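# Examination of the molecular architecture
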Amino acid sequence: MQEIEISANNFERCLKCDICTRVCPMMAANPYYPGPKQAGPDGERYRLKDPAFYDLTLKFCLNCKRCEVACPSGVKVGDIIQMARLKYGRQSHPVRDFTLANTDLVGTLATVAAPAVNAMVRTAPVKALMHSLFGVDSRRTFPEYGRKKFVDMFDPESQKGFDRYVSYFHGCYVNYNFPRLGLDLVKVINALGYGVHLLEKEKCCGVAKISNGFGASARHQAEINASSIRKAVAVGEVVLSTSSTCVFTMRDEYEHLLGMDMSDVRGSLMLATKWLYSMMESGKVRPVFRKDYHRKVVYHTPCHMNKLGWSVFSTGLLRMIPGIELIVPDQRCCGIAGTFGFKKENYDYSQKIGSGLFDILKSCNADVVATDCETCKWQIEMSAGLEVMNPVSILAEALDIS
């Protein structure tokens, strides 16, 4: 019997069972979105016949990967849609999309005058201008930029003298918006007897460029990151990140969407909470915790964390901290999907998708929400009015460093 040739994303295996449409958060919020099955495998059949065919509904996909998690046939539904967007998509607001996609450029410029930039983007006139001219919704609260970049605050001299090291992929959020998270990770890693190296050269993981249609530029950045990761792994270091989306993008999207083979280093590239949990659970490190530390924490599972299947490590790590009362509700999408929720044509869908999650988190009456995704943090803080922390920062807060 002649074997059927299977494409890279397995769209031929789609059974048309509609399971992916039932788990898609956009379906419930947007009547114009036909769903992942029609936009993905079904649409791909049309696109193969006519390369110019482009379905405008592709832009509504959040790339949350819930359809792929649910698919019983292993069809990479989300990847099919993302590949089609890279091939056939076009920017409705080119200047906006370029700005949102180029996080290193914008972050570098914004940190130079962070206080002025932070104050300016909160004003009504600037919000109205961005809404009308650039298509950034005026109701969206922007994350603040730090006065100094993380790479300028990191002290390589303080990391000398350790016998063992890990490498850290800090990402744009830590470098430009919230250096404290990077410093918290260094504090934790040092307390466990390891030193921290930064990668030789680092660029944005590329997820913003991929989602905004800049595939060639995303690949250029990915090649720089992959080269630096390989150099770190070659000297025996694991590469850690505090962002679930950065890790997911580099481990999976580099291969599936950018055509890069990461198999040689994929196992050495992981989320910091996964590595920390494995080290503590195995007894290789034994941290000392504050006896007076008490927190009621509700953990939100980011969509890409759900796809990785790694939320068990973050929640397991939090459960290891004495004094933590942990609540883990059912996983729901927050709706922001990176830069998606900043665009004025998407804002209402973004908020509608996340509304159920916001109600659940508020009903928990916790002291803090924990999550491994920075854009989930922005969305929850803005829409639910709750404090949000990365599990690494909670661990750093609970450690008795003295």
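Residue numbers here run from 1 along each chain, matching the order of that chain's written sequence. Where totals are concerned, whole chains, interfaces and linings use all residues; where local detail is concerned, this predicted model gives features only for residues with pLDDT of at least 70, and gives and counts side-chain atom pairs only at 80 or more. The basis for every side-chain value is the complete set of heavy atoms in the structure, and neither hydrogens nor water enter the calculation.

### Digging into the nonpolar core
Put simply, the rule is: Nine residue types can take part in a nonpolar core, namely buried Ala, Val, Leu, Ile, Met, Phe, Trp, Tyr and Cys, and a core is a set of them joined through side-chain atoms within 4.5 Å. Throughout this description, buried means an accessible area under 20% of the type-specific maximum (1.4 Å probe, protein chains only), exposed means over 50%, and partly exposed covers the range between. Throughout, a contact is declared for two residues whenever any of their heavy atoms are within 4.5 Å.
Counting residues in each nonpolar core, the largest one holds 63 residues, and the members touching the most others are Ile-189, Trp-275, Leu-276, Ile-321 and Ile-394. Not counting chain neighbours up to four residues away, the residues in contact with Ile-189 comprise Val-166, Tyr-194, Gly-195, Val-196, Leu-240, Trp-275 and Leu-276. The next biggest cluster of nonpolar side chains, apart from the first, holds 25 residues, and it includes Cys-20, Ala-39, Cys-61 and Cys-64.

### Notes on the sheet that holds strand β2 (residues 195-198)
Just so we agree on the cut-off: Any two strands with at least two DSSP-identified bridges between them are counted as paired. Elements are defined by DSSP. Helices are runs of H or I of four residues or more, strands are runs of E of two residues or more, and each kind is numbered from the N terminus. Between N-to-C directions, angles cover 0 to 180 degrees, with each direction set by a line fitted to C-alpha atoms, over the stretch in contact for helices.
The strand order across the open sheet built from 4 strands is β2-β1-β3-β4, with neighbouring strands paired in parallel fashion. The outermost strands of the open sheet, each flanked by one partner alone, are β2 and β4 (269-271). In this sheet, neighbouring strand axes are inclined to one another by 40° on average, regardless of whether the strands run parallel or antiparallel. Where strand β1 (residues 165-169) and strand β3 (residues 239-241) come together, 3 bridges link them in parallel fashion. By the bridge assignment for β3, Phe-169 is matched with Ser-241.

### Describing the side chain of Glu-253
Here Glu-253 lies in helix α15 (residues 244-256). With sequence-adjacent residues up to four places away left out, Glu-253 is seen in contact with Asn-63, Lys-65, Asp-79, Ile-210, Phe-248 and Leu-258.

### Quick look at unusual backbone geometry
The backbone of Ala-337 shows a phi angle near 50°, a positive value even though the residue is not glycine. Secondary-structure assignment places Ala-337 in the loop between β6 (324-327) and α19 (347-363). Taking the relative accessible area as the measure of exposure, Ala-337 reaches 27% and is therefore partly exposed. The phi dihedral of Asn-365 falls on the positive side, at around 50°, and the residue is not glycine. If you trace the backbone, Asn-365 turns up in the loop between α19 and β7 (368-370).

### Considering the packing of aromatic side chains
To keep it simple, the criterion reads: Side-chain rings of Phe, Tyr and Trp, where Trp is taken by its six-membered ring, are said to pair if the distance between their centres is within 6.5 Å; with planes under 30 degrees apart they count as stacked, over 60 as edge-to-face, and otherwise as tilted.
According to the stated counting rule, one finds 12 aromatic pairs in the structure shown. Ring centres 6.2 Å apart and planes at 80° place the aromatic pair Phe-162 and Tyr-165 in the edge-to-face group. Judged by centre distance (6.0 Å) and plane angle (65°), the ring pair of Tyr-173 and Trp-378 falls under edge-to-face. Within this pair, whereas Tyr-173 is found in helix α11 (residues 171-177), its partner Trp-378 is found in helix α20 (residues 374-384), the two being separated by 205 residues in sequence. Side by side, Tyr-173 and Trp-378 carry an identical accessibility label, which is buried. Taken together through their ring pairs, the aromatic side chains of Phe-142, Tyr-173, Phe-178, Phe-342 and Trp-378 make up a single cluster.

### Some words on the pattern of salt bridges
Selection rule: When a carboxyl oxygen of Asp or Glu is within 4 Å of a side-chain nitrogen of Lys or Arg, the pair counts as a salt bridge.
Scanning the entire structure with this criterion turns up 24 salt bridges. One salt bridge connects Asp-42 with Arg-45, and the closest N-O pair in it is separated by 3.4 Å. One end of the pair, Asp-42, and the other, Arg-45, are both in helix α3 (residues 36-49), 3 residues apart, so they sit about a helical turn from each other. Judged by its relative accessible area of 29%, Arg-45 falls in the partly exposed class. When the shortest N-O distance is used, the salt bridge between Arg-290 and Asp-292 registers 3.1 Å. With a relative accessible area of 29%, Arg-290 lands in the partly exposed category. Taken together, the shared-partner salt bridges in this structure form one network comprising Lys-16, Asp-18, Lys-37, Asp-42 and Arg-45.

### Observations regarding the sheet that holds β7
In space, the 4 strands of this open sheet follow the order β6-β5-β7-β8, with parallel pairing throughout. Of all the strands in the sheet, just β6 and β8 (388-389) have a single pairing partner and so form its edges. Direction of pairing for strand β5 (residues 295-299) relative to β6: parallel, over a ladder of 4 bridges. Opposite Arg-295, over in β6, you have Ile-324 as the bridge partner.

### Here's the deal with the packing of helix α16 (residues 272-281) against helix α21 (residues 391-398)
Here is the rule we go by: Geometric relationships in this document are graded by angle, where less than 35 degrees denotes roughly parallel, more than 145 denotes roughly antiparallel, 65 to 115 denotes roughly perpendicular, and other angles denote oblique. When residues are sorted by character, Ala, Val, Leu, Ile, Met, Phe, Trp, Tyr, Cys and Pro go into the nonpolar class, Asp, Glu, Lys and Arg into the charged class, and all the rest, Gly among them, into the polar class.
Direction vectors running N to C along α16 and α21 enclose 45°, while the axes themselves pass 9 Å from each other. With respect to their mutual orientation, α16 and α21 come out oblique. Judged by residue contacts, Ala-272, Thr-273 and Leu-276 of α16 engage Pro-391, Val-392 and Leu-395 from α21. Residues belonging to the contact of α16 with α21 are distributed by class as follows: 5 nonpolar, 1 polar and no charged.

Shape is all these values report; function is a separate question.
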